[in-house]
Amino acid sequence: MSPCSTDTFKFNDEKLFQVLRDCLPDDLTNTQNLLCVFDDVLFAWNSKNCCVLSLNWRLNQVKEPNKVAYQTLIPSAQQNYIVNKVLASNEGNLLAICGSRGVSIIELPRRWGENGQFQNGKDAIMCRTFNLDERLFSNNVNLEILQIKWHPASPTDSHLLVLLSDNSIRVYDGETLRHVWRIGPAPFTTVSVGSHKNFMNCLGDTAVDFDIAPPRVASDARNTTDFRTNTILINDTFVAKSKQPKVEWPIVILRGDGNIYILCASVDTERPHLQGPISFLPQVQDNYGVDSCGILVVPTLPPTVVIAESSGKLHHAVLVEKEPEGFKNTSIDENDSTILMDPSEWDLFVIETVELELGLTEKADSKVFHCPLFLKKDIINDYRYFVYHNAGLHAITIYFIHQLEEFVNSADENFESLPMLSTNSCAEYLVCTRALNTNKLNPVLGFSLSQSPSGLIVLLSSGQVVTLDLITDPSLIRGWQFPTFSKMKSRPGLESPMKKIFKDSFENHIRNILKAEVSQPILKLDKSVEPKSQEAFELLLQATQVLREQSFLKHDKIRQEIQKRVKVLQLLKEQQLREIAQLQNEKDKIRDKAEKLAEMYEDINEKQQMLYKRAQDIVRISTLRLPQSSSMEKEFFNNLEKIKQRTSLVTKNLEHAKIRIKAQAEMLENAKKTAPGKRVVLPPNKELAIQEILSDMTNQIETNINEIKKMNAIINIK
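Residues numbered from 1 in each chain as written. Predicted model: local features only at pLDDT ≥ 70, side-chain atom pairs only at ≥ 80, totals over all residues. Heavy atoms only, no water.

1. Points about the pairing of strand 15 (residues 176-182)
As defined by bridge partners, strand 14 (residues 168-173) adjoins strand 15 across 6 bridges and the pair is classed as antiparallel. Looking at strand 15, one finds that Val 171 is bridged to His 179. Between the antiparallel neighbours strand 14 and strand 15 lie 2 residues, among them Gly 174 with a positive phi of about 70 degrees. (Pairing = 2+ DSSP bridges. Helix = DSSP H or I, 4+ residues; strand = E, 2+ residues; numbered from the N terminus.)

2. Quick look at the packing of helix 12 (residues 631-674) against helix 13 (residues 684-715)
Look at helix 12 against helix 13: their axes get within 11 Å of each other, and the N-to-C directions meet at 140 degrees. The angle between the axes of helix 12 and helix 13 places the two elements in the oblique class. In the crossing of helix 12 with helix 13, the sense of the turn from one axis to the other is left-handed. Only Ile 708, Met 711, Asn 712 and Ile 715 of helix 13 make contact with helix 12, whose side of the interface consists of Ile 643, Lys 644, Thr 647, Val 650 and Leu 654. Class assignment for the residues of the contact of helix 12 with helix 13 results in 6 nonpolar, 2 polar and 1 charged. (Axes fitted to C-alpha atoms, helices over the stretch in contact; angles between N-to-C directions. Parallel < 35°, antiparallel > 145°, perpendicular 65-115°, else oblique. Left-handed = near helix turned anticlockwise from the far one by under 90°. Contact = heavy atoms within 4.5 Å. Nonpolar A, V, L, I, M, F, W, Y, C, P; charged D, E, K, R; others polar.)

3. Re the sheet that holds strand 35 (residues 455-460)
Reading across the sheet, the 3 strands line up as 34-35-36 and stay open at both edges, with antiparallel pairing between neighbours. Looking at strand neighbours, the two that pair on one side only are strand 34 (444-450) and strand 36 (465-469), the edges of this open sheet. Averaged over all neighbouring strand pairs, the angle between strand axes comes to 15 degrees, with direction disregarded.

4. Some points on the sheet that holds strand 5 (residues 85-88)
Judged by pairing direction, the sheet is antiparallel, and its 4 strands sit side by side in the order 5-6-7-11 without closing on themselves. This sheet does not close on itself; its edge strands, each paired only once, are strand 5 and strand 11 (129-131). Along the sheet, successive strands turn relative to each other by an average axial angle of 20 degrees, direction set aside. By the bridge criterion, 3 bridges tie strand 7 (residues 102-107) to strand 11 in an arrangement that is antiparallel. Bridge pairing links Ile 105 to Phe 130 in strand 11.

Rendered as structure tokens:
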């Protein structure tokens, strides 16, 4: 395989990795993680110069090689320990570096400029650095750091959780120690003089790893146990606080003997309660491992827990909460009175166990290779995680998570529809650094994931860099390999006859046959030592045997399947040809019948048009013969209507006049009664004028009355 095919990002030629290749750490036998990628910045620890190298890798992919220079971040405080891990904070403001004997926090400088580099691309930058608890490690020679993680609920992106070998987790806010959480009894004695191991470590009673599960609302029973937390002091009197839901983050802790404990705490919890050990279901004698080395919590619903053993076994389990059983009593650990123990609120249901192949070894080899396994989540796919170790890199895809999520999100409340979770997980051996029984190892010194484009970056102890592209959404491929027929079943009338005969496509059938049962990893051995001829020959024989078993036999089976499918298709073709001839005869009959129906339609259409014209003529003639009045009659009718309106108006005026005359007569009568002694004598000229006016009014009234009578006679109104 050419180097270009295993280095898609072309990092082997970058100056940053050339510098790292010249400054490899002294310990090249144990797996480390000296690489970290946050967004578009790649961080790498320079073990010789004790500094951090950073590179804008995304910009480097766009421009020409080595056009974007790397930057050197120099810590302001010296590290008195060997660094074996680099971890960026959740928002990328801080960088944690740690070893087995110390941990430091580096404040990253600001980014600006055209290329988005630190301080506009300055070559070397002095960064403010805090060494955490230096005196603690100098006073305790046997104390070691086992794991560090940034807390996801930190409001300032500065809370770091540090797991120590004395069964404690220290919570730091920047350089300040906030809490010390006890997760087990502290070791008190050693096995022998000069040995760093203690009895508890040998028995597996000390924590070896931890991970943070998704948050949840704290139960009421736990909220009411702490009196000072739930009360406030007002006027020398304790008053209960208002109950508010408190969010806590379960911290899943793994011990060396395989037991799992959970510490429910938030960032500001001073004395959390420890729960455990959690029951494993179904139960086995070895409790699913006696040499556990790593744990990973996949943030699903319910959470999926992965437990790793140094022998190469991975246990996939589902963390399920128990039903509430009321108030639970809190006990104190017998070995350490500072530890508050609660009964476990969870159960672990082990779904499957995956056994990894640690190197290309002979099948007849009885020796089992053991090495610590380190787990890392996939940032682009919740169904996948990675395992890196001294023998290379594995990618594990958990298929039952998708089935559980579909069951949880479904509206069906019938618990009988719970899936059987029979789909096994897929373990791909991506990079192999150990072949046969050689003692020469090429462990992983750095492993990280990138986004946009999605890929993985692996740095080996030999200085080689492996970069591979990752599939963004493997569920699409999983959908192609495992098609569902729910939509087809809902509409059975639309299924074609071929699909009824062949329920699954032949392409999927061939793909399932060709599906590799054994993954072929990229072989990356230590080039500093040439393998022996016998070892190379055995490796060639093993590869040839795998090729014969995985390729030749499957291709023979595919050839037989193709021959069977060809015979079936030939028979179907003959049957379809006969059916086509039959359908052609029926088509001719239908065509003849259609022609006859078309002729009948034309005749009926002509008769309908003729009847339509006759109906139009009848309507026109009947309309012309309807009775109609002349214009003179219409004018006479209009005049009569006007006369009627005027007559009604004159009648109304006459009625008003009569009422006024009557009113005036009454007034005169009243006036005569009130003044009988007085007599009004008018002058002769005025009297004559009044008489003339009255006579004229009388004549006019008589004229109006005569006209009204004539009009009534004309209109026939009595």
